[in-house]
Amino acid sequence: MFKKYYILFKVTCSNKHRYRIQHGTVEIPLVRQGSDLSVEASVWCATRPSQPASATPGMDYVASSKRVVFPSGKMEATCPLTILDDAQRPALEGNETFVMFLNTAQGVELAEPSQSTVIIDDSYQDVPSMQFEKEKYEVEEAKGVLTVHVLRSGDLSSETTVRCYTRQGSAIPREDYTERPDADASTITFQPGDKVKNCTVYVIDDTTLEAEEEFHLVLGRPLSGDVAGARVGSLGKTKVTITNKEDAPTLQFEQASYQVLEPSVQEGMATITLHVVRTGDRNKNTRVRCSTRDGSAQSGLDYNPKSRILKFKQGVARADFSVEILANDDREWHESFSVVLGPDEPVEAVLGEITMATVTIIDQEASGSLILPSPPIVVSLADYDDLEGATNEGSKQKPSPGYPLVCVTPCDPHYPKFSQTRERCEEGGINSSTIHFKWEVSSPSDNNGARTPFETITDKTPYTSANHMVLESIYFGRKFHVRCLAQARDRKGQAGIPLRSTAVVIGSDNAICHTPVSAGAARGFQAQSFVASLMYLDVKHKEHPNRIHISIQIPHQDGMLPLISTMPIQNLHLLLSESIYRQQHVCSNLLSLDQLKGISEAGFLDTNSSRVPLLAPGYDRPYQFDATVREARAIQLYHHLNLKSCIWTFDAYYHMTELLDVCGGSVSADFQVRDSAQSYLTVMVPLYVSYIYVTAPRGWASLEHHTEMEFSFFYDTVLWRMGIQTDSVLSARLQVIRIYIREDGRLVIEFKTQAKFRGQFVLQHHTLPDQHSRILPPEHLGDIEFELELVWSAQTFDSPYQLWRAISSYNRKDYSGEYTVYLVPCTVQPTQSWLDPSKKGLSCTAHAAEKFLLPISFQQTNRPVPVVYSLNTEFHLCNNDKVFLMDPSTTEMSLQEMDYKGSFSMGQTLFGRVLWNPKQNLDSAYRLVLEKVYLCTGRNGYVPFFDPTGTIYNEGPQYGCIQPNKNLKHRFLLLDRNHPEMVDQFFHDVPFNANFAGDVSEYRSMRDMPGMDGFFMKVDALYKVEAGHQWYLQAIYLIGPESASPRLRRSLVYKAVAQRVHRDLVDARGKLMLHDSLIYDGDDESDTRNGTNMKMLHLEQTRTSQAMTAGIATGGGVAIFALAVALIVACMCLLRQGSSTKFAPKGVLNHKVEVVGGGDNGKLGCETGGTYMQPYRNINLLEKNEGVELRSVTGVRVKQINLHVKVHNNLRDGTEV
């Protein structure tokens, strides 16, 4: 008996399944029924459109046919189905249906219902929905408006509206914001397809500081043209917060930086005013302190210091703070100081962002200090009064090829932003009349858009120059590229930094005098005939009796220059640029009447400018004859040109003898009219006429003609040639690579050249023996000479690079000036290949030397302040005895911390000690003992230094405070262990109270420290000297074996000796008596090594303002005495052993040594150039050290103590190495 099994859809209401459009993949349940479900069964589940068709497969759902398997024992299974959402283009479609059915059952039979209707519910999902973009917004009160986005989703095919209105919170309508009422006036309308609309709320700004306030925006009453209507989304309400932090009373400088010109000595003083502004709430009284702070500019020397309270009353928005700038005759770089608000907090206000302003004092004598505020602008002279219109980005107007160009600088009142740049020009001291101009041109672009490089115009003519603010039209043509270069000059004529303008392209359609043959073309030139006539003026003529009137009329084309002469016109380049080549052209328009005085009284150039009616047609263009803009000689020429008729008219009135004698003409009688005493003459005069045109980028092109007797001329078209002839052919580019001063003080200039010809530059060549390459210094440097050397040349003749070096013959303090470099060019044949000249010499042809101008501003480096020169020792100053007695080898305090960097005030005791570095401890085998202590101060800022060999600074032997010196104002021997009777005990009756530490019981514990010895003194006596002096301490000490260390006792107090030799190291002749061991640490067998240390002493300023004034006047103009500079000097450069030693750790003070020069094997060179850094060398006395010999004489001894020289930058004095 067979068993029956059935598969059917799970029963639902009316056998229908309802799903929303966004469900995606859904599972349709299937049920298997029967008594025995142990057998696996399957059935196919498929879809088909409903009747009538509703849902569309592929658009509303994915058509499918899938096999569903019922495993053994399972009663239920699912048939997957994918519903498609129209999220990309949502449309409200209502309910749509399709059919899912079962077929092809295996192992079972199908039962009813075997099909089911699937309903896609789209009655809500795509209903138009409107909501805000964010839950809350924040708006600053000062902005005045808030724009909130309202988003619409769902079906966008119909028009939808919604109200966007406000609801009051802590913010009050009409006081804090403009209300949007819940009315139709607040309706926002979405047109079909619109997704976003703006809901705008206006915020009312005031100047009163208030707390944050808020209100709400609400969406309501959504409406749609569709029957399904519209709805408001989840974000139908948003919170708006109004902030007004900007209303907080805020004080700050109007700008962060100011500039002021340093006044001249004659002016004495200048004033700069800084503006402090208050923004925000101004309803309260506010005050703040404003003070100056030193920078590179020093108060009292460069400006007068100032500090005062700025008060802002109610309603006041700005306060001024003025600072006086002092004249300083020294040539300096630009210096600056700061003006700060504070340090006290302002009252009833807060500080803004700009709480410190930097004031830069512009020294006009400093090199490179002058620069225009912004680049210049090139426009047509016709647009000189309308630069804004001509330079507007939207303007398509190009300069005309028939009218001059003008280079307008930011210091010109015609500049578009002159109201802004005027103040900058005045601050920089820029005089518009002294600005230097250059012009650069490039040829028209070809069909591919390529053009030649820009080249500088250097050719001048009898009528124009290339370095004027106006560029005449003879230097450019249609479609040329032109730009200018402007360079300001200071009161002494020194050139500043040049600035280039943006290139302009000359127009072709806006010409004034067109070419009738090819108008608008870049290479079109006319060839129309000109008219020349002769007329005899009888004796009755008022102005020119008994003269031959020569009148020449020439048709004009833009950019043309006519030349007229009765002599042949040859070699255009020299004829136009060199006046000597024009002297033979007496009867021409090449010479003016002023140049013809004594030769002829007539000429073709009219000197009477009043003859031309300036407002007549053809003479009425802007600045056409303005002598304040154009050159006078150019105006003299262009008086002969009528720009309306485009005709040149030249008239000359010659006596017959002048035509014959100086013009090369001849006269013959033609005929005589009956019954008349007047004779008509035929004058035959040779006439040469040339039309001159510029070519790009170099050279001139001309059309020339020569005629006799008759003045009818017909000319062919002029030829075109690329290139303006503005430079000589044998040119080059010269670039300075390096300028420095050798260790012997001589100036070295290294530069490279790139020849712009085929060949090379040579020092000298046999083909031109009288020419040689050289460099000439400025005339004010006297008879100094330079040795020029060719260091290297590229192995080619095609624009080779060459490296040159010039060395001065002797030393100078200042090498500044304009140098002239002459290089001899040597050219080769175009096909000549490279051949090494070292074998047979360079086979070439030499030419006259090319000239290059090389401005150099260079001075000798200031002598550095010596900081350390010692036997691996340190010189410390302390202001208390606890630090003074600290053992550096056991304490955790570093050497830097133990060295007191502050100043000493009246009544204090100064403690000084000399010690070797604990990391280089010599243990108990050697002992350091102080022998002498000196105190001195320089005269007029002189800095004493210790250089006994004279090799460090090349100024001869110098001994610091030891030797009397005319540059020392005061010098004292404070302590002398061997001769205590020679010391100075008083200064102006004030005792020094100086003692060695070992001689006083409370400081004898220092004896237990073999690597250290000290002394102490009172500083009261130093306050007897006027302020501004820098005091220096110099200590002489011995390092020797413990057994040989001197321990001489002396009493605690010594009486002053009335008559004594004042300096024990000076003989009767005033010469220094020093043992060589103090100066030279030789290789003798002495076990004792001498050393000397120097240290600057800082005193606290306690003088009155009167003393400060005296100190400023005599001591360098500083208001504070202390200039924290350490100055420790050692005897010589030893380090002879190049052994491998330990380097001191990086944390140890003075673990690096900076010396001048460097030698091999680790030696410290004293006479070679350059600098290098080398760590200290440590020697372990108890172990074997490579390269160091140890001798055993009563304990462990060292043959040689490491010496080092350390030179630092002195940031306070401005000196450097």
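Since the model is a prediction, treat every value here as computed from it, not as a measurement.

### As for the overall build of the chain
(1) Moving on: Scanning the chain for helices and strands turns up 10 helices and 73 strands.
(2) Moving on: Buried residues in the chain amount to 48% of all 1217 residues.
(3) Moving on: Restricting the contact set of the chain to residue pairs at least 6 apart, pairs at least 24 apart contribute 72%.
(4) Moving on: Summed over all atoms, the accessible surface of the chain reaches about 59600 Å², with 49% contributed by carbon and sulfur.

### A short note on the pairing of strand β25 (residues 335-341)
(1) Moving on: The element β25 is largely enclosed, with a buried count of six among its seven residues.
(2) Moving on: Strand direction decides the pairing type here: β25 and strand β27 (residues 356-362), joined by six bridges, are antiparallel. Looking at β27, one finds that V340 is bridged to M356.

### Concerning the sheet that holds strand β49 (residues 786-793)
(1) Moving on: Pairing within the open sheet is antiparallel, and its four strands lie in the order β45-β46-β50-β49. Lying at the two open borders of the sheet, with one neighbouring strand each, are β45 (732-741) and β49. Taking each pair of neighbouring strands and ignoring which way they run, the sheet shows an average axis angle of 20°.
(2) Moving on: Relative to strand β50 (residues 801-808), β49 runs antiparallel, the two sharing seven bridges. Each bridged residue has a counterpart across the sheet, and for W792 the counterpart in β50 is L803.

### Re the state of the cysteines
(1) Moving on: Summed over all chains, the structure comprises eight disulfides.
(2) Moving on: With a sulfur-sulfur separation of 2.2 Å, C45 is cross-linked through a disulfide to C79. The S-S bond linking C45 to C79 shows a torsion near -100°; that makes this disulfide left-handed. Taken together, the residues C45 in strand β4 (residues 41-49) and C79 in strand β6 (residues 76-82) connect sequence positions 34 residues apart.

### A closer look at the pattern of salt bridges
(1) Moving on: Going through the model one piece at a time under the given rule, you end up with 20 salt bridges.
(2) Moving on: The closest approach of N and O atoms between E214 and K239, which form a salt bridge, is 3.0 Å. With E214 in strand β16 (residues 213-224) and K239 in strand β18 (residues 237-243), the pair connects residues that are 25 residues apart, well separated along the chain.
(3) Moving on: The exposure class assigned to E214 is partly exposed, which follows from its relative accessible area of 26%.
(4) Moving on: Overall, K239 belongs to the partly exposed group, its relative accessible area being 30%.
(5) Moving on: Among the salt bridges present, the one from E631 reaches R633, with a minimum N-O distance of 3.6 Å.
(6) Moving on: Note on R633: relative accessible area 32%, which makes it partly exposed.
(7) Moving on: When salt bridges that share partners are traced, they join R163, R167, D182 and D184 into one network.

### As for the sheet that holds strand β26 (residues 350-351)
(1) Moving on: Taken in spatial order, the four strands make up an open sheet running β24-β21-β19-β26, and their pairing is mixed. At either end of the open sheet lies a strand with only one pairing partner, and these are β24 (318-326) and β26.

### Observations concerning the environment of L351
(1) Moving on: Structurally, the position occupied by L351 is in strand β26.
(2) Moving on: Remark: the alpha-carbon pair of L351 and L251, spanning 100 residues in sequence, is separated by 4.9 Å.
(3) Moving on: Beyond its immediate stretch of four places on either side in the chain, L351 contacts T250, L251, V288, L341 and P346.

### A few points about the nonpolar core
The tendency in soluble globular proteins is for nonpolar side chains to be buried side by side.
(1) Moving on: Counting 88 residues, the largest nonpolar core has Y384, W439, V482, I552, I554, L563 and Y654 as the members making the most contacts within it.
(2) Moving on: Broken down by element, this core gets its largest block of residues, seven residues, from strand β43 (residues 687-694).
(3) Moving on: Membership of the second largest hydrophobic core comes to 33 residues, among which are L928, V990, W1031 and Y1037.

### A short note on the pairing of strand β14 (residues 187-190)
(1) Moving on: Residues I188 and F190 point to one face of β14 and are all buried, whereas T187 and T189, pointing to the other face, are not buried.
(2) Moving on: Across four bridges, strand β13 (residues 160-167) lies against β14 in antiparallel orientation. Paired with T160 across the bridge in β14 is F190.

### Side note on the packing of aromatic side chains
(1) Moving on: A complete count under the given rule lists 23 aromatic pairs for this structure.
(2) Moving on: Arranged with centres 5.6 Å apart and planes meeting at 40°, the rings of Y638 and W648 form a pair that is tilted. Linking Y638 in helix α4 (residues 632-638) with W648 in strand β40 (residues 647-654), this pair joins segments that are 10 residues apart in sequence.
(3) Moving on: Take Y638: its relative accessible area is 7%, and that puts it in the buried class.
(4) Moving on: For W648, a relative accessible area of 0% translates into the label buried.
(5) Moving on: Linked through ring pairs, F884, F911, Y1003 and F1016 together constitute an aromatic cluster.

### Regarding unusual backbone geometry
(1) Moving on: Following E112, the chain continues to P113 via a peptide bond in cis, the omega torsion being 0°.
(2) Moving on: Note that P113 resides in the loop between β8 (109-110) and β9 (115-122).
(3) Moving on: At the junction of G342 and P343, the peptide bond is cis and its omega measures out at 5° in the coordinates.
(4) Moving on: In this fold, P343 is placed in the loop between β25 and β26.

### Here we look at a nonpolar patch on the surface
(1) Moving on: Taken together, the side chains of V791, W792 and Y801 make up a nonpolar region of the molecular surface, amounting to roughly 280 Å² of accessible area.
(2) Moving on: Structurally, the position occupied by V791 is in strand β49.

The rules we used
Residues numbered from 1 in each chain as written. Predicted model: local features only at pLDDT ≥ 70, side-chain atom pairs only at ≥ 80, totals over all residues. Heavy atoms only, no water. Helix = DSSP H or I, 4+ residues; strand = E, 2+ residues; numbered from the N terminus. Buried < 20%, exposed > 50% of the residue type's maximum accessible area, 1.4 Å probe, protein only. Contact = heavy atoms within 4.5 Å. Areas by Shrake-Rupley, 256 points an atom, 1.4 Å probe, with all protein chains shown as cover. Pairing = 2+ DSSP bridges. Axes fitted to C-alpha atoms, helices over the stretch in contact; angles between N-to-C directions. Disulfide = S-S within 2.5 Å. Salt bridge = Lys/Arg side-chain N within 4 Å of Asp/Glu carboxyl O. Core = buried A, V, L, I, M, F, W, Y, C linked by side-chain atoms within 4.5 Å. Phe/Tyr/Trp six-rings, centres within 6.5 Å; stacked < 30°, edge-to-face > 60°. Patch = residues over 30% accessible without salt bridge, like charges linked within 9 Å, V, L, I, M, F, W, Y side chains within 5 Å.

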